[in-house]
Amino acid sequence: MHMHKFEKIWLTFGIGCLVVFLTVVGVSAFYLGNKPASCLTTIDPEKVTQTKPFDKPGLHKVEGKEWDYELVFVASAFSYQPAQVEVPLGAKVKVIATTTDVVHGLEVAGTNINMMLEPGYINEYTTTFDKAGEYLIVCNEYCGTGHHLMFSKIEVVEK
Amino acid sequence: MINVTAAKIKVDPRDAKLSMAHFFVAFTALALGGLMGLLQTLVRSGKFELPFGIGYYQVLTVHGVLMGLVLTTFFIMGFQYAAVSRTAGTHSNAARRTGWIGFWLMTIGTLMSATMVLLNEATVLYTFYAPLQAHWIFYLGLTFVVIGSWIDGAAQIMTYAKWRKNNPGQPSPLLSFMAVINTVMWIVATLGVAATVLFQLLPWSLGLVETVDVLVSRTLFWYFGHPLVYFWLLPAYMCWYAIIPKIIGGKIFSDSLARLSFILFLLFSIPVGFHHQLTEPGIDPVWKFIQVILTFMVVIPSLMTAFSLFATFERYGRSKGATGLFGWLKVLPWNDARFIVPFIGMVSFIPAGAGGIINASNQMDQVVHNTIWVTGHFHLTAATSVVLTFFGISYWLVPHLTGRKLTKAMNKLGIIQAWVWFIGMAFMSGAMHFQGLLGGPRRSSFSTYGNSQQALEWIPYQIAQAVGGTILFLGIILVLIIFINLAFFAPKGEEEFPVGEAENLSEKAPMVFENWKLWLGITAALILFAYTVPFIDIIQNAPPGSKGFKTW
Amino acid sequence: MAKPELKTNQKTQVEDRSSLKGTLASVFLLGLFIIVSWVSVYYLFVDRF
Ligand code: HEM
Ligand SMILES: [Cu+2]
Ligand SMILES: [Cu+2]
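Residues numbered from 1 in each chain as written. Chains lettered and ligands numbered in written order. Predicted model: local features only at pLDDT ≥ 70, side-chain atom pairs only at ≥ 80, totals over all residues. Heavy atoms only, no water.

Can you explain the overall build of chain C? Please cite residues and give values.
Within chain C, the regular secondary structure consists of two helices and zero strands. In chain C, which comprises 49 residues, the share counted as buried stands at 39%. Of the roughly 3,300 Å² of accessible surface on chain C, 66% is carried by carbon and sulfur atoms. (Helix = DSSP H or I, 4+ residues; strand = E, 2+ residues; numbered from the N terminus. Buried < 20%, exposed > 50% of the residue type's maximum accessible area, 1.4 Å probe, protein only. Areas by Shrake-Rupley, 256 points an atom, 1.4 Å probe, with all protein chains shown as cover.)

Encoded structure:
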């Protein structure tokens, strides 16, 4: 099997690019901690609202952790608890969420907070809210007739 | 040269009939699905509401099932069945009977599922994610489609095997080889979706078990879902690699490299499903990243394809005396619909492929996951590159099979059709990509989300999508006119089934490419490597199962 | 006078016949497009929280 010299050059270059892309995201994910939301904790989907921390949805200040706040969401067809929340600018926040019924999404539009919520699993993502403004949270996985009516809001405000 | 023995220039009329049966179903799906697509873009523009209380998501389910599952599977099976008949010889009576059984099983299954969707008993979109629970007849119908496609594909494999037996030590005809690779990949991939439907969703929807393990079901689905998109793409690659060279009057750049790239697709299309689950809980991020690496491997055969295609065109152009760096572009047959329609598809694959690499880039998926960007992406890959190539194929294949001719007028209409499609898609898919980067979600009816500032900024893009959708619908009307003309009204005559020849005929493809034990073995090994540990994890750490929900 | 000119002409033509420099240029343009797209979205990712 014969390969043209130019094709060898092209494949070397192309594969080189792929390796660079992979290295960049790999280092960012596993060294700098930018892994996509992948929490492994499970929960009984029928007892969500009795289970900590989902018995108290909303923003909570925490001590002695790597992050300053925990922002807890409970999703169910077709709404989020809380329906609106304020976050202080610059706060390092762990967003923790789950669903009580079907699969939902939790996407804070215009940010990297974008995760699937699946019954039986908790999902979480930690980030620093470093840009002020009003952010729309949309459900981005089809969950039924009211899917496009399912939203919440985060206001990142200077305090 | 070597393969002329068994090859017949014309597909046997008995085989032609079965191919055409597939195409009638496929183009019916295109007509209905296209109408749904138009309605979706109109609703999403905010200027239009569906009549008679029809729900947006029911329309979207019809569109996804008809376009993503019915149009593609039926067209591909019909095309590959004809391609094998043309290059490996007429199917035996037994193979043809097998093909018909598969065809009818798929058709019955489609009708069963479609009925449940129309009765609003299965508004679960074409991905039917649990714990949304559809009527059991919907799942049974899907099972029939999958099993039917196995039987249908078996017909191609039987004829390929017969050719191999009659031509020991010879590499099989390129198109037959490619068709069989795609069929084998399809069979291995559909094992996943068959498993979740048969062992999880069907018993659960029948009430035999109360709960379902959602993550197991999703993982099995996506084990199938990624090779599904390669199952759509490979027939287009068959046309680009092995048919287009003949149409332009050139040669296949390299028969062996074409085969190698198809083998790479078989190996690397399957162990990569996690790249659709990158933001999901319950899956270890290390295993996600391993599958991301495997996903990047499957880019390599596409890099090879790009080179081969440019090289075919350049070699041909220079043989016609073209000079300079890009002079060869000028001499390509721009007035031949059989060339230009798939060519526009090839060009669309450039942004489509670039978008795909972005989607697969681990945490970068958070920027685009489940936004309308993704919809924009696969309307470039599937709904442009793939379907334009399918349209281009049908412009010669349908008259070939029906004993008619592609007339000048239809050729011209075909070219217009492709440009209309391209323009419509530029609007629709372009606007989807940009809206997605701003965060606009996919699979969503029109909504201002309580007059949120961000959502209001998305509306102009949705209007652009409606403009694009309207142009695209015009494109669908044109294809249907051409298809009906070629199937029933075009003048009788002979239309060629073009099959390319390799540039270097003395270079025989290595026989190791036909060593199925080897390739299936490596395929299985890669799948086991990528899935065994995370799958055991998922099962061992499973939460309590989910009851079914009907939220529509 | 005319003869040697014809010869060199023929020679470059033969060379040109089998050349794939246009292909190489095309695939590198493709590569460039992929890199630019990828880097733009990576920038969005880095810029956003
Ligand atoms: C007239 C041409 C078409 C138009 C106007 C159109 C429009 C659309 C729109 C607007 C959506 C997204 C809706 C949403 O996410 O809310 C969509 C989804 C989809 N389209 Fe198309 N489309 C067309 C052709 C095609 C073709 C030819 C194919 C396949 C080869 C296709 C396959 C799909 C699939 C698989 C989905 C996803 C459905 C889902 O998310 O459940 N479309 N289409
Ligand atoms: Cu939703
Ligand atoms: Cu994929």
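Next comes the rest of the account.
So what's going on with the coordination of the iron atom of ligand 1? Which residues, and what values?
Residue and element names in this part refer to chain B. Every protein donor of the iron atom of ligand 1 is listed here as His63 (NE2) and His379 (NE2), and their distances to the metal cover 2.0 Å. Here the iron atom of ligand 1 is ringed by six donor atoms whose angles at the metal span 85 to 180 degrees, and the overall shape comes out octahedral. Taken as a pair, histidine 63 in helix H2 (residues 56–88) and histidine 379 in helix H12 (residues 372–402) lie far apart in primary sequence, 316 residues in all. (Donors = N, O, S within 2.8 Å, 3.2 Å for Na, K, Ca; no water. Tetrahedral: all angles 85-135°; square planar, octahedral: opposite > 155°, others 65-115°.)

So what about the UniProt feature "domain: Cytochrome oxidase subunit I profile" (unreviewed entry) in chain B? Which residues, and what values?
Here the UniProt feature "domain: Cytochrome oxidase subunit I profile" (unreviewed entry) sits at residues 17–552 of chain B. Overall, residues 17–552 of chain B shows 72% helix and 0% strand. The separation of its end C-alpha atoms is 41 Å. (UniProt positions renumbered as here; feature names shortened; annotations may be inferred.)

Can you tell me about the interface of chain A and chain B, naming the residues and giving the values?
Contacts between the two partners involve 68 residues from chain A, matched on the other side by 75 residues from chain B. Taken over both partners, the interface formed by chain A and chain B buries close to 5,700 Å², and the fraction arising from carbon and sulfur atoms is 65%. If you sort the residues of chain A by the area they bury against chain B, A:Met1, A:Tyr142 and A:His148 come out on top, with a joint share of 13%. Our count for the chain A to chain B interface comes out at three salt bridges. In this structure, B:Lys547 and A:Glu46 form a salt bridge, with 3.1 Å as the shortest nitrogen-oxygen distance. Seen at the junction of chain A and chain B, the total is 26 residue pairs in polar contact (both at pLDDT 80 or more). (Contact = heavy atoms within 4.5 Å. Buried area = accessible area lost by both parts, 1.4 Å probe. Salt bridge = Lys/Arg side-chain N within 4 Å of Asp/Glu carboxyl O. Polar contact = N/O pair within 3.5 Å; in protein donor to acceptor, adjacent residues only side chain to side chain.)

I'd like a description of the site of ligand 1, backed by residues and values.
All names here are of chain B. Within the structure, ligand 1 sits among 26 residues, and Tyr56, His63, His379, Arg442 and Arg443 are positioned closest to it. Residue arginine 443 places a main-chain N or O atom 2.6 Å away from an oxygen atom belonging to ligand 1. Contacts to ligand 1 include serine 444, whose backbone N or O atom sits 3.1 Å from an oxygen atom. Those elements that place two or more of their residues in the shell around ligand 1 are helix H1 (13–45), H2, H12, helix H13 (408–437) and helix H14 (453–489). In terms of residues, the shell around ligand 1 owes the most to one element, H12, which gives six residues. Two domains each donate at least three residues to the shell around ligand 1, and these are domain 1 (1–175) and domain 2 (333–509). (Near = heavy atom within 4 Å. Domains from an automatic or database assignment.)

Describe a nonpolar patch on the surface, with residues and values.
A contiguous nonpolar surface patch, about 610 Å² in accessible area, is contributed by B:Leu325, B:Phe326, B:Leu329, B:Trp334, C:Leu29, C:Leu32 and C:Val36. Take B:Phe326: it is sitting in the loop between helix H9 (299–319) and helix H10 (337–359). Judged by relative accessible area, which is 33%, B:Phe326 ranks as partly exposed. (Patch = residues over 30% accessible without salt bridge, like charges linked within 9 Å, V, L, I, M, F, W, Y side chains within 5 Å.)

Any chance you could break down the sheet that holds strand S10 (residues 151–157) of chain A for me, citing the residues and the numbers?
All names here are of chain A. If you walk across this open sheet you meet the five strands as S4-S10-S9-S6-S7, and the pairing is mixed. The sheet terminates laterally at strand S4 (84–88) and strand S7 (114–117), the two strands that pair on one side only. Sheet twist, expressed as the mean angle between neighbouring strand axes with direction ignored, is 20 degrees. When strand S6 (residues 104–108) meets strand S9 (residues 133–138), the two strands line up antiparallel, connected through two bridges. Within S9, the position partnered with glutamate 107 by the bridge is valine 138. (Pairing = 2+ DSSP bridges. Axes fitted to C-alpha atoms, helices over the stretch in contact; angles between N-to-C directions.)

Describe the packing of aromatic side chains, naming the residues involved and giving the relevant values.
Counting across every chain of the model gives 57 aromatic pairs over all chains. Arranged with centres 4.9 Å apart and planes meeting at 35 degrees, the rings of A:Tyr142 and B:Tyr57 form a pair that is tilted. Here A:Tyr142, found in the loop between S9 and S10, pairs with B:Tyr57, found in helix H2, and the two come from separate chains. Pair check on accessibility: A:Tyr142 and B:Tyr57 agree, each one buried. When the ring of B:Phe128 is compared with that of B:Phe138, the centres are 6.1 Å apart and the planes differ by 75 degrees; the resulting orientation is edge-to-face. Highlighted residues: B:Phe128 in the loop between helix H3 (93–118) and helix H4 (136–166) and B:Phe138 in helix H4, separated in sequence by 10 residues. For the pair shown, B:Phe128 and B:Phe138 are each scored as buried. (Phe/Tyr/Trp six-rings, centres within 6.5 Å; stacked < 30°, edge-to-face > 60°.)

Pulling in residues and values, what's your account of empty space enclosed by the protein?
The tally for this structure, following the rule as stated, stands at five cavities of 30 Å³ or more. Reported here for the largest cavity is a volume of approximately 280 Å³. Looking at the lining of the largest cavity, the elements that each hand over two or more residues are H2, H3, H4, helix H5 (174–205) and helix H6 (214–248) of chain B. By residue number, the principal contributor to the lining of the largest cavity is H4(B), which donates five residues. In terms of residue class, the lining of the largest cavity is made up of 16 nonpolar, six polar and no charged. Approximately 80 Å³ is the volume attributed to the second largest cavity. The wall of the second largest cavity is formed by A:Trp10, A:Phe13, A:Gly14, A:Cys17, A:Leu18, A:Phe21, B:Leu303, B:Ile357, C:Gly31, C:Ile34 and C:Ile35. When residues of the lining of the second largest cavity are traced back to their parent elements, those giving at least two are helix H1 (5–30) of chain A together with helix H2 (21–47) of chain C. A class-by-class count of the residues in the lining of the second largest cavity yields nine nonpolar, two polar and no charged. (1 Å grid on protein atoms, 1.4 Å probe; cavity = no way out; pocket = protein on both sides within 12 Å on 5 of 7 lines; lining within 4 Å. Points joined across faces, edges and corners; volume = space filled by probe spheres on them. Nonpolar A, V, L, I, M, F, W, Y, C, P; charged D, E, K, R; others polar.)

Would you mind going over the interface of chain A and chain C in detail, with residue names and values included?
Counting residues at the interface gives 22 residues for chain A, matched by 15 residues for chain C. Carbon and sulfur atoms supply 77% of the area that chain A and chain C bury against each other, a total of about 1,800 Å² over both sides. Contact with chain C buries surface across chain A, with A:Trp10, A:Phe21 and A:Asn112 losing the most and accounting together for 35% of the total. At the junction of chain A and chain C, the tally comes to four residue pairs in polar contact (both at pLDDT 80 or more). Counting residues per element, the ones that place at least two in the side of chain A that touches chain C are H1 and strand S8 (123–128) of chain A. In terms of residues, the side of chain A that touches chain C owes the most to one element, H1(A), which gives nine residues. In terms of residue class, the side of chain A that touches chain C is built from 12 nonpolar, eight polar and two charged.

Give a description of the coordination of the copper ion (ligand 3) that names residues and reports values.
Residue and element names in this part refer to chain B. Protein coordination at the copper ion (ligand 3) comes from His226 (ND1), His275 (NE2) and His276 (NE2), with a distance range of 1.7 to 2.0 Å. Of note, the copper ion (ligand 3) draws all its donor residues from one chain, in the sequence arrangement H-x48-H-H. Of this pair, histidine 226 sits in helix H6 while histidine 275 sits in the loop between helix H7 (255–268) and helix H8 (285–297), and the two are 49 residues apart along the sequence.

Summarise the packing of H6(B) against H9(B); cite the residues concerned and give the values.
Residue and element names in this part refer to chain B. For the pair H6 and H9, the least separation of the axes is 11 Å and the interaxial angle reads 5 degrees. Classified by the angle their axes make, H6 and H9 are roughly parallel. Along its contact with H6, which presents Tyr237, Trp240, Tyr241, Ile244, Pro245 and Ile248, the element H9 presents Pro301, Ser302, Met304, Thr305, Ser308, Leu309, Thr312, Phe313 and Tyr316. Of the residues assigned to the contact of H6 with H9, the class counts are 11 nonpolar, four polar and no charged. (Parallel < 35°, antiparallel > 145°, perpendicular 65-115°, else oblique.)

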